[in-house]
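Here is what each chain is made of, one letter per residue.
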Number of protein chains: 4
Amino acid sequence: MCRFVFYMGESLSVADLVTRPENSLINQSVRARERPEPLNGDGFGLAWYVDGETSPARFRSLTPAWSNANLDELARVTSSRCILAHVRAATSGNFEVSEANCHPFRHDRFAFMHNGHIPAFQQLRRSLMGRLSDAGFNSIRGTTDTEHVFALVSEHLRGREDQGSCQSLAAALSAAVATVRELIDAHAPGSHCYLNCVLTDGAHAVACRYSSDPDYIDSLYYNRGGNYRCDGDRCWMEPDTGDVRAILVSSEPLNKSAQWEPVPRNHMVLIERDLGLELQPI
Amino acid sequence: MCRFVFYMGESLSVADLVTRPENSLINQSVRARERPEPLNGDGFGLAWYVDGETSPARFRSLTPAWSNANLDELARVTSSRCILAHVRAATSGNFEVSEANCHPFRHDRFAFMHNGHIPAFQQLRRSLMGRLSDAGFNSIRGTTDTEHVFALVSEHLRGREDQGSCQSLAAALSAAVATVRELIDAHAPGSHCYLNCVLTDGAHAVACRYSSDPDYIDSLYYNRGGNYRCDGDRCWMEPDTGDVRAILVSSEPLNKSAQWEPVPRNHMVLIERDLGLELQPI
Amino acid sequence: MCRFVFYMGESLSVADLVTRPENSLINQSVRARERPEPLNGDGFGLAWYVDGETSPARFRSLTPAWSNANLDELARVTSSRCILAHVRAATSGNFEVSEANCHPFRHDRFAFMHNGHIPAFQQLRRSLMGRLSDAGFNSIRGTTDTEHVFALVSEHLRGREDQGSCQSLAAALSAAVATVRELIDAHAPGSHCYLNCVLTDGAHAVACRYSSDPDYIDSLYYNRGGNYRCDGDRCWMEPDTGDVRAILVSSEPLNKSAQWEPVPRNHMVLIERDLGLELQPI
Amino acid sequence: MCRFVFYMGESLSVADLVTRPENSLINQSVRARERPEPLNGDGFGLAWYVDGETSPARFRSLTPAWSNANLDELARVTSSRCILAHVRAATSGNFEVSEANCHPFRHDRFAFMHNGHIPAFQQLRRSLMGRLSDAGFNSIRGTTDTEHVFALVSEHLRGREDQGSCQSLAAALSAAVATVRELIDAHAPGSHCYLNCVLTDGAHAVACRYSSDPDYIDSLYYNRGGNYRCDGDRCWMEPDTGDVRAILVSSEPLNKSAQWEPVPRNHMVLIERDLGLELQPI
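Only a predicted model underlies this, so the values are computations on that prediction, with no experimental measurement involved.

What counts and what doesn't
Residues numbered from 1 in each chain as written. Chains lettered and ligands numbered in written order. Predicted model: local features only at pLDDT ≥ 70, side-chain atom pairs only at ≥ 80, totals over all residues. Heavy atoms only, no water. Least-squares fit on C-alpha atoms with pLDDT ≥ 70 in both. Contact = heavy atoms within 4.5 Å. Helix = DSSP H or I, 4+ residues; strand = E, 2+ residues; numbered from the N terminus. Expected span 1.5 Å × (residues − 1). Buried < 20%, exposed > 50% of the residue type's maximum accessible area, 1.4 Å probe, protein only. Buried area = accessible area lost by both parts, 1.4 Å probe. Salt bridge = Lys/Arg side-chain N within 4 Å of Asp/Glu carboxyl O. Phe/Tyr/Trp six-rings, centres within 6.5 Å; stacked < 30°, edge-to-face > 60°. Pairing = 2+ DSSP bridges. Axes fitted to C-alpha atoms, helices over the stretch in contact; angles between N-to-C directions. Nonpolar A, V, L, I, M, F, W, Y, C, P; charged D, E, K, R; others polar. Polar contact = N/O pair within 3.5 Å; in protein donor to acceptor, adjacent residues only side chain to side chain.

1. A word on the relation of the copies chain C and chain D
Alright, step 1. Screw-axis analysis of chain C against chain D gives a translation of 0.0 Å along the axis, an RMSD of 0.0 Å, and a rotation angle of 180°. Those values place the two copies in the arrangement expected of a two-fold rotation axis.
Alright, step 2. In this assembly, 100% of the residues forming the interface of chain C have copies in chain D that are likewise at the interface, indicating an isologous arrangement.

Right, here's the structure in full:
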């Protein structure tokens, strides 16, 4: 089912998300606290935006995050103003552990990651692919529900590559969620889908916490403040005194602190280029 | 572009194909002799039939064959009356190196491997998938042209699972080749396809050497005789004195011997359960 | 800290140990029940004895057991009268995840696997290696404490390769444990070592459950009876009615049954070629 | 036997060494031009120095360089003033393919890589390790001759960590080469060793081209000039007009150009912080 963390703000070391915090993403790969199944050992991925490059850089591996020496090294020396990090738990029996199935996914300058799943995905996959353009159809290289949802999202972003905005990201994400619901109604009526995800172009971002199941929704938190930093394994967000320089969106709080706010059920978090933040129902 | 070797006959050690012969498949992974590009280092796979099991066993890995300690071990202790072994060269830039892309592919009791490629595969892939049943569509887990060709083959075998025969294998393979040609004519007219492959159900087999290009065809050989064995790296086929107990079909001869016959251009080799062998144009 | 299972008896499918039982070794890789830390995701290994081959076959991988398709396949088609299977949890921060560090280890016709650890191993490793013959010194290819303990064991077996017996295995294991204790006293006095392990030559075996720590010992069970089989995920040992044909030694019971006996603290289980079993203090 | 490239100068994209040039290191992994065996497919590694970090960053993988998507990504977005890149060919049969065996090796702020081999390494390894301090002994995590040579080098650098200079690097390297020769004379008299290597602390570097064999020496080139850049796959060194800003040391020229000078046989190239270059016999 996965865990993820997203950061936007002043340039930050990837280690401050992935390896240093008391409840770092590495720790969540071994022992997630807010999932029924604590293990997220089916690969991992990082994406980060680099000045002067349109497409985000990406590092993925099919081995577990907790023992990957390359991840430790990259986390130590990589800083960015926009970072996505994800540890994967392959949905039971359905999806292969492979690099092609590791999040984040990319299209052009966009990146996407997901925690959740689509029920009966094999039943509706063909219909879903039928709605894609040829470019979208051919973009799919793996077998995850996530990559297919992102292909739906990307259809809405195609052609708008140059005029990024929070609202266009939110519209694309909402449209994809609506399509998924429609496909479920047609192919697996009565089933529920779980879609916590982050979509960004490196300058704007939308995160959503969505479940069609009244009885279960995966956890998602945000944290916005003056600055986020770590000293050893002690990490903190400086309070917002009018000058916001850091926003985190994370499956679980990275540290014990009152600053982590749960994203309300079935809401999107819209993050503007200036780190303005708005909650909007989906 | 790949290299492969196929064996049917008396129970044989996998090592006698993969590690022992002077021009073993391992050696062909490093230094193939009859390909313009000698390297086949993008993963490998074995499939072998086991008494009492319908579906063939399979071992695949995305690392090169020449350094895989597990392959050495399995080759040493595994014997079978029907063995497929394949080393992969990912077609330039198009196809990911992953386990899902390693041959042989399987469906039910059938196994399939391929050396060659389909031009402009991205252009015709969607049409090809449109011709598949839902089961065929969902069977595809990787991104190779081979797996898609095998899905076409499998459509023709579906429902006939219980009445295997050489002729039904040959018919399925011929139909798939015809479909591929039709798709190329529609989507990449003037292009040529290269389809050396083996299809088996463990008791019968069909190999084909096919190219629509008058100027190039990949190598393929067969070797039929009384028995095939190795002593150290010296391997030999005992002459056929009326009692055929071994047939090999291989991209390249495994040893220096006059017994290796080239499969004629655009022909199939049909291998019966009793090791009867027939050549038939495709 | 690892989990393992060992089998000796009538030819058995590896799947009956690794994938089928309700508490199979695969399940123990995700969620061990009798370890403080339930996760054993740092690689795995199988060794099994094959008729006509002196050295046991081995399959190891640095990826987790739960998602390894090759392990599933091999377990399905491999049967043996003597099987070792192991899932690894790399001791915290000390030992790399690599194939060379996956158990079982082999020397000549012997195989060895371990659950536990040696404290302060870096401090005493050099002294330990100083006690090895040149052959023993050069045999070490990885960095685990286990491989070094096995090198000590092997020194005692060298030269006795042809006259295997339970007692010679037990003597070699006891001598190695004594050496380890001596090295700890010299280099890390007051520390405790944890040595649950299995040593076999394919015809005889010794398992030990040993801890120098009065406050902690890892779990180890044995189960001896008429026959061991699985039907789906339901596995059982037929009662011993005078004709013993199966012995299991396992870090945890593979199923809910009263037949699993804990190995007494600091004892060895000696298993004879005829499946006679004796407990002996170490 | 391996191929490598080293860069020191103005900040440079790793891609300008590894992926872009006509004879890039990736191309040398498939088809090296100046080795009898063209294949270097047994893993690879990068090390690069990052402002503000003492220890160089490192990325290594046991899969071949030519198909590694992460290497492509990192090469694209990583720039540094001091870069080491290496593709490995495991010496025949002796050395495992594992991450621990991939160059470059590191100790403190030093990095080291090697092309060549030490004959009869198993015979002399124990003596070599006997000359190491406990820290040096414990530093060794793999099985390559290279890592052991670097442990010898590091003994000479230990304690001098703060006062780096070309001369201290050259002295450490020369002493290690002398020790290796002495060990060969003792354990494998008449054998020859091949030691092309690079040692750096990020600010100074020494490369050596050394063979004790009068009949064979591996290739090594250097290239020093005003600036080194690529435009697509066309790469060039601007001529030295008094302002040197780039030095390359490479197993093979990366492009067709007269600027690549062979390092004279059994010489070291000493590279100063200001990119001053001196040749010195070893």
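2. Focus: the relation of the copies chain A and chain D
Alright, step 1. Once chain A has been moved 0.0 Å along the axis and rotated by 180°, it coincides with chain D to within an RMSD of 0.0 Å.
Alright, step 2. The residues that chain A uses at the interface reappear at the interface of chain D in 100% of cases, marking a shared surface.

3. Notes on helix α6 (residues 145-157) of chain A
Residues and elements named next belong to chain A.
Alright, step 1. Over its 13 residues, α6 extends 19 Å from the first C-alpha to the last, a length consistent with the 18 Å expected when each residue adds 1.5 Å.
Alright, step 2. Here α6 lies mainly inside the structure; eleven of its 13 residues are buried.
Alright, step 3. Asp145, Thr146, Glu147, His148, Val149, Phe150, Ala151, Leu152, Val153, Ser154 and Leu157 are the residues of α6 that are buried.
Alright, step 4. Turning to α6, the residues buried within the fold contact β5 (105-107), β6 (110-117), α4 (121-130), α5 (134-139), α7 (166-187) and β7 (194-200).

4. Thoughts on the interface of chain A and chain D
Alright, step 1. Listed by partner, the interface residues are 17 residues for chain A and 17 residues for chain D.
Alright, step 2. Contact between chain A and chain D buries roughly 1300 Å² in total, counting both sides, with carbon and sulfur atoms accounting for 45%.
Alright, step 3. Contact with chain D buries area across many residues of chain A, yet Asn70(A), Arg76(A) and Val77(A) alone supply 36% of it, more than any other trio.
Alright, step 4. In this structure, the salt-bridge partner of Glu53(A) is Arg76(D), at a minimum N-O distance of 2.7 Å.

5. What about the packing of aromatic side chains?
All names here are of chain D.
Alright, step 1. Scanning the entire structure with this criterion turns up 14 aromatic pairs over all chains.
Alright, step 2. Ring centres of phenylalanine 44 and phenylalanine 59 lie 5.7 Å apart, and the angle between their planes is 55°; this geometry places the pair in the tilted category. Residue phenylalanine 44 is found in strand β2 (residues 44-48), and its partner phenylalanine 59 is found in strand β3 (residues 57-61); the two are separated by 15 residues along the sequence.
Alright, step 3. With a relative accessible area of 2%, phenylalanine 44 lands in the buried category.
Alright, step 4. Measuring from ring centre to ring centre gives 5.1 Å for phenylalanine 112 and phenylalanine 150, while their planes differ by 5°; the resulting arrangement is stacked. Of this pair, phenylalanine 112 sits in strand β6 (residues 110-117) while phenylalanine 150 sits in helix α6 (residues 145-157), and the two are 38 residues apart along the sequence. Phenylalanine 150 carries the same exposure label as phenylalanine 112, and that label is buried.

6. Digging into the sheet that holds strand β15 (residues 277-281) of chain A
All names here are of chain A.
Alright, step 1. Ordered in space as β5-β6-β7-β8-β14-β15, the six strands form an open sheet in which the pairing is antiparallel. Each having just a single partner strand, β5 and β15 make up the two edges of the open sheet. Strand-to-strand twist in this sheet, taken as the mean axis angle between neighbours without regard to direction, amounts to 20°.
Alright, step 2. Inspection of the sheet shows strand β14 (residues 267-271) paired to β15 by five bridges, in the antiparallel sense. Within β15, the residue paired with isoleucine 271 across the bridge is leucine 277.
Alright, step 3. Docked against the sheet, α6 engages β5, β6 and β7, running at close to 135° with respect to β6.

7. So, the interface of chain C and chain D
Alright, step 1. In this complex, chain C contributes 17 residues to the contact, which on the side of chain D involves 17 residues.
Alright, step 2. Here chain C meets chain D over a buried area of about 1500 Å², counting both sides, of which 39% is carbon and sulfur.
Alright, step 3. Counting the surface chain C buries against chain D, the share from its top three residues, Arg126(C), Phe137(C) and Arg141(C), is 48%.
Alright, step 4. Where chain C meets chain D, there are four salt bridges.
Alright, step 5. Between Arg126(C) and Asp134(D) there is a salt bridge, with the nearest N and O atoms lying 2.9 Å from each other.
Alright, step 6. Those elements that place two or more of their residues in the side of chain C that touches chain D are α4 (121-130) and α5 (134-139) of chain C.
Alright, step 7. Here the side of chain C that touches chain D gets five residues from one element, more than from any other, and that element is α4(C).
Alright, step 8. When grouped by side-chain class, the residues that make up the side of chain C that touches chain D number six nonpolar, six polar and five charged.

8. Some remarks on the pattern of salt bridges
Alright, step 1. Inspection of the entire model under this criterion finds 64 salt bridges over all chains.
Alright, step 2. Connected through shared salt-bridge partners, Glu53(A), Arg106(A), Glu73(D) and Arg76(D) make up one network.

9. A closer look at the pairing of strand β9 (residues 221-225) of chain D
Residue and element names in this part refer to chain D.
Alright, step 1. Among the five residues of β9, four are classified as buried, and the element is accordingly described as predominantly covered.
Alright, step 2. Here two bridges tie β9 to strand β13 (residues 261-262), and the two strands are oriented antiparallel to one another. By the bridge assignment for β13, tyrosine 222 is matched with glutamate 261.

10. So, the side chain of Asp201(B)
All names here are of chain B.
Alright, step 1. Tracing the sequence through the fold places aspartate 201 in the loop between β7 (194-200) and β8 (205-209).
Alright, step 2. One polar contact links aspartate 201 to arginine 109, side chain to side chain, over a distance of 3.5 Å.
Alright, step 3. Polar side-chain contacts of aspartate 201 include one of 2.9 Å to the backbone nitrogen of alanine 203.
Alright, step 4. Excluding anything up to four places from it in sequence, aspartate 201 contacts Tyr49, Arg109, Phe110, Gly164, Ser165 and Leu169.

11. Quick word on the pairing of strand β4 (residues 79-87) of chain D
All names here are of chain D.
Alright, step 1. Buried residues dominate β4, accounting for seven of its nine residues.
Alright, step 2. Bridge count for strand β1 (residues 3-13) against β4 is eight bridges, and the pairing is antiparallel. Paired with serine 13 across the strands is serine 79, a residue of β4.
Alright, step 3. When β2 meets β4, the two strands line up antiparallel, connected through five bridges. Within β4, the residue paired with tryptophan 48 across the bridge is isoleucine 83.

12. What about the environment of His204(C)?
Residues and elements named next belong to chain C.
Alright, step 1. Residue placement: histidine 204 occurs in the loop between β7 (194-200) and β8 (205-209).
Alright, step 2. In sequence terms histidine 204 and arginine 181 are 23 residues apart; their C-alpha atoms lie 25 Å from each other.
Alright, step 3. Excluding anything up to four places from it in sequence, histidine 204 contacts Met8, Gly164, Ser165, Cys166, Leu169, Leu199, Ile271, Glu272 and Arg273.

13. Points about the sheet that holds strand β2 (residues 44-48) of chain A
Alright, step 1. Spatially, seven strands are ordered β3-β2-β4-β1-β12-β9-β13 (chain A) in an open sheet, and the strand pairing comes out antiparallel. A single partner strand is all that each edge strand has here, and the edge strands are β3 (57-61) and β13 (261-262) of chain A.
Alright, step 2. Against the sheet, helix α3 (residues 69-77) of chain A contacts β1 (3-13), β2, β3 and β4 (79-87) of chain A, and its axis sits at roughly 155° relative to β3(A).
Alright, step 3. In the packing of helix α3 (residues 69-77) of chain D onto the sheet, contacts are made with β2 and β3 of chain A, and the angle to β3(A) comes to roughly 155°.

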